[in-house]
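Architecture at a glance
What follows is the residue order along each chain.
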Amino acid sequence: MGACMKVLVTGGAGFIGSHLVDRLVQEGHEVVVVDNLSTGKRRNLNRAARFFKLDIQSWRLERVFRNERPNLVMHLAAQMDVRKSVEDPIFDAQVNVLGTLNVLQQAIKHGVRKVVFSSSGGAIYGEQEVYPAPESHLTRPLSPYGISKLCGEQYLSYYQRVSGLQTVSLRYANVYGPRQDPDGEAGVVAIFIQKLLNSEQAIINGNGRQTRDFVYVEDVVEANLAVMGQDIQGTYNVGMGEETSINDLLRILITHTNSTSKEIHGPAKFGEQVRSVIDSCKLRQELSWEPRTELSEGLKRTVDFFRERLS
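The model shown is predicted, which means the values in this text are computed figures rather than measured ones.

Thoughts on the overall build of the protein
Helix and strand counts for the protein stand at eleven helices and 13 strands. Taken over C-alpha atoms, the radius of gyration comes to 19 Å for the protein, in line with the 19 Å a tight globule of 311 residues would show. Each principal axis of the C-alpha distribution contributes one length, and for the protein these read about 55 × 45 × 40 Å. Across the 311 residues in the protein, those meeting the buried criterion constitute 54%.

As structure tokens, then:
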């Protein structure tokens, strides 16, 4: 990675963004955070980062770029709830399409060298034809969220062609870990853990045989750091490449929380993918990135985090 850079992280008070900010600060980079705190939390903010409470759709974003002059932008701010995108596709597009476009235009106008975009490996491919899905897999998103992320990727490659901006799209699998929001609709790991620790009943949507590729937040952060280098561009999947059913996930969590909770199933959610797992060989081969955290270990660390927060 070499020299210190000034990095602007949008969504830097959020779950993944705040972990990324911590690592960038640790590596000696100067970090600027833009977050509207709609889902991000002030307590997640790193003190060493300069913070602007702003929406990425705002005209005020220009001032941040003009005054701060970042070399690199890590764009994580998003509407990231698949179900909310189904209920309110216009809001989803405002944040994920227009917000991203605003970030890109400011980046070009103010001489940013590279933009790294957090995309979605779960939502972009839709029902897969190949398991795990490589980056070349057809993209047929099943939700407005998946469509808006794909749209963001397309804008990135457009600006790369017309302006010489370097761009990377990271297609994250299902990210979990400390600081994940247990109160949203997304983030099944955090939701389950909170329920189990509070001795409430965790409800599985449908038969629970739907699978996801769960990847620990620290591993995702390392992927972001790996693509900061000079000429790295393009699209990379970031996942474990392992399918875990929601039933198995709950079983592991029941063990880690010593819960007496039973497996209870509720109605299936409309538009939910049956199987989702992505292939990260490209990232492994080209940038020697390795996910270091096995699911059981990552879940244990996450449970410990939530247990501490409750005490």
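A few points about the pairing of strand E6 (residues 166-172)
Burial runs high along E6: seven of the seven residues are buried. Every second residue of E6 is oriented toward a common face, with Gln-166, Val-168, Leu-170 and Tyr-172 on one face and Thr-167, Ser-169 and Arg-171 on the other, all of them buried. In this structure, strand E5 (residues 114-120) lies alongside E6, joined through seven bridges in parallel fashion. Across the sheet, Val-115 pairs through a bridge with Thr-167, a residue of E6. Here E6 runs beside strand E11 (residues 234-238); their pairing, made up of five bridges, is parallel. Looking at E11, one finds that Ser-169 is bridged to Thr-235.

A word on the pattern of salt bridges
Under the counting rule described, the total for this entry stands at 17 salt bridges. Salt bridges here are not isolated pairs; linked through shared partners, they connect Lys-6, Glu-30, Arg-50 and Glu-68.

Here's the deal with the nonpolar core
Membership of the largest hydrophobic core comes to 43 residues, with the highest contact counts inside it found for Val-9, Met-74 and Val-227. Setting aside residues no more than four positions away along its own chain, Val-9 makes contact with Gly-17, Leu-20, Val-21, Leu-24, Val-31, Val-32, Val-33, Val-34, Met-74 and Leu-76.

So, the packing of helix H1 (residues 15-26) against helix H8 (residues 217-226)
Two elements in contact, H1 and H8, have axes separated by 9 Å at closest approach and are oriented at 60 degrees. Considering the angle they form, H1 stands oblique to H8. H8 is crossed by H1, and the crossing has right-handed handedness. From H1, Phe-15, Ile-16, His-19, Leu-20, Arg-23 and Leu-24 reach across to H8, where they touch Val-217, Glu-218, Val-220, Val-221, Glu-222, Asn-224 and Leu-225. Among the residues forming the contact of H1 with H8, the class breakdown is eight nonpolar, two polar and three charged.

Thoughts on unusual backbone geometry
Tyr-131 connects to Pro-132 through a cis peptide bond whose omega is -10 degrees. As for its placement among the helices and strands, Pro-132 is situated in the loop between helix H5 (121-125) and helix H6 (144-163). Non-glycine residue Leu-37 carries a positive phi angle of around 60 degrees. Structurally, the position occupied by Leu-37 is in the loop between strand E2 (30-35) and strand E3 (50-53). Phi at Arg-179 takes a positive value of approximately 75 degrees, unusual for a residue other than glycine. Mapped onto the secondary structure, Arg-179 falls in the loop between strand E7 (174-176) and helix H7 (188-197).

Quick word on the sheet that holds E5
Strand order in the open sheet formed by seven strands is E3-E2-E1-E4-E5-E6-E11, with parallel pairing between adjacent strands. Taken across any chain shown, the strands that pair with only one partner, and hence form the sheet edges, are E3 and E11. Averaged over all pairs of adjacent strands, the angle between their axes in this sheet comes to 20 degrees, without regard to strand direction. Where H1 meets the sheet, its contacts fall on strand E1 (6-10), E2, strand E4 (72-75) and E6, and the angle it forms with E1 comes to roughly 170 degrees. Its contacts with the sheet put H6 on E5, E6 and E11, and the angle it makes with E5 is roughly 160 degrees.

Details of the packing of helix H9 (residues 246-257) against helix H11 (residues 295-310)
Between H9 and H11, the shortest axis-to-axis distance is 10 Å and the interhelical angle comes to 50 degrees. The angle between H9 and H11 falls in the class oblique. Between H9 and H11 lies a crossing of right-handed hand. Contact residues: Leu-249, Ile-252, Leu-253, His-256 and Thr-257 in H9; Leu-295, Ser-296, Leu-299, Lys-300, Val-303 and Arg-307 in H11. Looking at the contact of H9 with H11 residue by residue, the class counts come to six nonpolar, three polar and two charged.

Concerning a nonpolar patch on the surface
A grouping of Val-82, Val-86 and Phe-270 is seen on the molecular surface, where their side chains present a nonpolar patch of about 320 Å² in accessible area. Secondary-structure assignment places Phe-270 in the loop between strand E13 (264-266) and helix H10 (281-287).

Criteria and cut-off values
- One numbering rule holds for all chains: residues counted from 1, following each sequence as written.
- Residue-level local features of this predicted model are given only where pLDDT is at least 70; pairs of side-chain atoms are given and counted only at 80 or more, and the full residue set underlies all totals for whole chains, interfaces and linings.
- Just so you know, side-chain values use all the structure's heavy atoms and leave hydrogens and water out.
- Only DSSP runs of H or I reaching four residues or more are called helices, and only runs of E reaching two or more are called strands; each is numbered from the N terminus.
- Our radius of gyration is a C-alpha quantity, and the globule rule it is checked against amounts to 2.2 Å times the number of residues to the power 0.38.
- The buried label applies to any residue whose accessible area, calculated with a 1.4 Å probe on protein chains only, is under 20% of its type's maximum; exposed applies above 50%, and partly exposed to all values in between.
- Two strands are counted as paired when DSSP detects at least two bridges linking them.
- A carboxyl oxygen of Asp or Glu within 4 Å of a side-chain nitrogen of Lys or Arg is what we treat as a salt bridge.
- Buried residues of nine kinds, namely Ala, Val, Leu, Ile, Met, Phe, Trp, Tyr and Cys, make up a nonpolar core once their side-chain atoms join them within 4.5 Å.
- Only heavy atoms matter for contacts: two residues are in contact if any of them lie within 4.5 Å across the pair.
- The convention used is that axes are lines fitted to C-alpha atoms, helices contributing only their stretch in contact, and that angles between N-to-C directions extend from 0 to 180 degrees.
- Comment on the angle field: the value is read as roughly parallel under 35 degrees, roughly antiparallel over 145, roughly perpendicular from 65 to 115, and oblique elsewhere.
- In a left-handed crossing the near helix is turned counterclockwise from the far helix by less than a right angle, and in a right-handed crossing that turn is clockwise.
- The nonpolar class holds Ala, Val, Leu, Ile, Met, Phe, Trp, Tyr, Cys and Pro. Asp, Glu, Lys and Arg form the charged class, and all remaining residues, Gly among them, are polar.
- Residues enter a patch when their relative accessible area is above 30% and they make no salt bridge; the linking distance is 9 Å between like charges and 5 Å between nonpolar side chains (Val, Leu, Ile, Met, Phe, Trp, Tyr).
- With residues, only the protein chains shown are counted as cover, and all accessible areas are computed by Shrake-Rupley using a 1.4 Å probe.

From the geometry alone we can't say anything about function, so treat these as descriptive.
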